[in-house]
Amino acid sequence: MKNIFFRLTIALLLFHFSAFAQMKKADNYFNNSDYAKAIPFYLKAEKSKKNNQKALERLADCYRLTNDYQKAETYYSQLITAGNVPQAIDYFNYAIILKSNGEYVKSKQEIIAYLKLNPNDKNAQIQLASFDKIAEWQNEPAMYSIKNISSINSSVSEFSPIIYKNEMVFVS
């Protein structure tokens, strides 16, 4: 019986220190702005209950800072709705991510929640006002139509078109 208890204690201690080590490695990468490398370590640390909120917050930030807005939305949502006590800036970042993902109604709700915590934040006030402009722009007819001209376009990027000796030239 003592042997089982001893092994169980050792296993729990190793798991605890492993989660701590994952957070430490992740934080080092995060603090050096190497967000992509920090993500796998935060994912491992997030599974432990001890560092869950910090890992969720950092995962959301890492995905936001690497422009993976779908995953950032997932982690900000968990951070804000999972009974955690997020920082005020997390509401703002979540709102911006939602807006980037085209979820304007939810985004506006999060900006309002953020403004309750920081009523003097000018950037958040501008963001809130921008929702009226989005509605206006969506109701206006499109001024331009963009079409793929398959005889010119290829699967790679073409740019800098210019007329040269009565012909179009461009970089591909």
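Residues numbered from 1 in each chain as written. Predicted model: local features only at pLDDT ≥ 70, side-chain atom pairs only at ≥ 80, totals over all residues. Heavy atoms only, no water.

To continue, consider the nonpolar core. Core analysis: the largest hydrophobic core is formed by 32 residues, its most contacted members being Tyr42, Cys62 and Tyr76. For this core, the secondary-structure elements that each account for two or more residues are helix 1 (2-31), helix 2 (35-46), helix 3 (52-65), helix 4 (69-81), helix 5 (88-100), helix 6 (104-117) and helix 7 (122-139). Contact partners of Cys62, with chain neighbours within four places excluded, come to Phe30, Tyr35, Ala38, Ile39 and Tyr42. (Core = buried A, V, L, I, M, F, W, Y, C linked by side-chain atoms within 4.5 Å. Buried < 20%, exposed > 50% of the residue type's maximum accessible area, 1.4 Å probe, protein only. Helix = DSSP H or I, 4+ residues; strand = E, 2+ residues; numbered from the N terminus. Contact = heavy atoms within 4.5 Å.)

Moving on, we come to the confidence of the model for the protein. Confidence in the prediction for the protein averages 84 pLDDT; 86% of positions are at 70 or higher. The secondary-structure element of the protein with the lowest mean pLDDT is helix 1, recorded at 67, while helix 5 shows the highest, at 95. Counted against residues more than four places away or in other chains, residues 11-17, with its pLDDT under 50, gives two contacts. (pLDDT = per-residue confidence, 0-100.)

Moving on: the side chain of Asp61. By the secondary structure assignment, Asp61 is in helix 3. Side-chain polar atoms of Asp61 contact the side chain of Tyr76, separated by 2.4 Å. Each residue touching Asp61, except ones within four places of it in the same chain, is listed here: Phe30, Tyr76 and Asn93. (Polar contact = N/O pair within 3.5 Å; in protein donor to acceptor, adjacent residues only side chain to side chain.)

What follows is about helix 3. Residues three or four positions apart in an α-helix share a direction because the helix packs 3.6 residues into each turn. Relative to the 20 Å expected for 14 residues at 1.5 Å per residue, helix 3 spans 20 Å between its end C-alpha atoms, a close match to the ideal helical length. In terms of residue burial, helix 3 counts as a mostly covered element, since 10 of its 14 residues are buried. Here helix 3 has its buried residues at Asn52, Ala55, Leu56, Glu57, Arg58, Leu59, Ala60, Asp61, Cys62 and Tyr63. (Expected span 1.5 Å × (residues − 1).)

Take the side chain of Ser107 next. By the secondary structure assignment, Ser107 is in helix 6. Judged by relative accessible area, which is 1%, Ser107 ranks as buried. Discounting residues that sit within four places of it in the chain, Ser107 has contacts with Ala95, Leu98, Lys99 and Phe131.

The next subject is the pairing of strand 1 (residues 159-164). The two faces of a sheet get side chains in turn, since along a regular strand they alternate between them. Sparse coverage of strand 1 is indicated by the burial of zero of its six residues. In terms of strand pairing, strand 1 meets strand 2 (residues 167-171) through four bridges, oriented antiparallel. Bridging from a neighbouring strand, Phe159 pairs with Val171 of strand 2. The turn linking strand 1 back onto strand 2 is made up of two residues, and Lys165 within it adopts a positive phi angle of 50°. (Pairing = 2+ DSSP bridges.)

Our focus in this paragraph is helix 6. With 14 residues, helix 6 should cover 20 Å at 1.5 Å per step; its first-to-last C-alpha distance of 20 Å lies within 8% of that length. Taken residue by residue, helix 6 has Ser107, Glu110, Ile111, Tyr114 and Leu115 as its buried positions. In a view along the axis of helix 6, the buried residues occupy a sector of 140°, so they form one face of it. Facing away from the buried side of helix 6, by more than 90 degrees, are the exposed residues Val105 and Lys116. In this fold, the buried residues of helix 6 make contact with helix 4, helix 5 and helix 7. (Arc of directions from axis to C-beta.)

Tallied over the full model, the rule gives six aromatic pairs. Ring centres of Tyr29 and Phe41 lie 5.7 Å apart, and the angle between their planes is 25°; on these two criteria the pair is classed as stacked. Remark: Phe41 occurs in helix 2 and Tyr29 occurs in helix 1; sequence separation between them is 12 residues. Note on Tyr29: relative accessible area 30%, which makes it partly exposed. For Phe41, a relative accessible area of 17% corresponds to the buried category. Aromatic pair Phe92 and Tyr114: ring centres 5.2 Å apart, planes at 50°, arrangement tilted. Highlighted residues: Phe92 in helix 5 and Tyr114 in helix 6, separated in sequence by 22 residues. The exposure classification of Phe92 matches that of Tyr114, with both residues buried. Just above the ring of Phe30 sits the side chain of Arg58; from NZ or CZ to the centre is 4.0 Å. One Lys or Arg, Lys99, reaches over the ring of Phe131 and ends 5.1 Å from the middle of that ring. (Phe/Tyr/Trp six-rings, centres within 6.5 Å; stacked < 30°, edge-to-face > 60°. Lys NZ or Arg CZ within 6 Å of the ring centre and 35° of its normal.)

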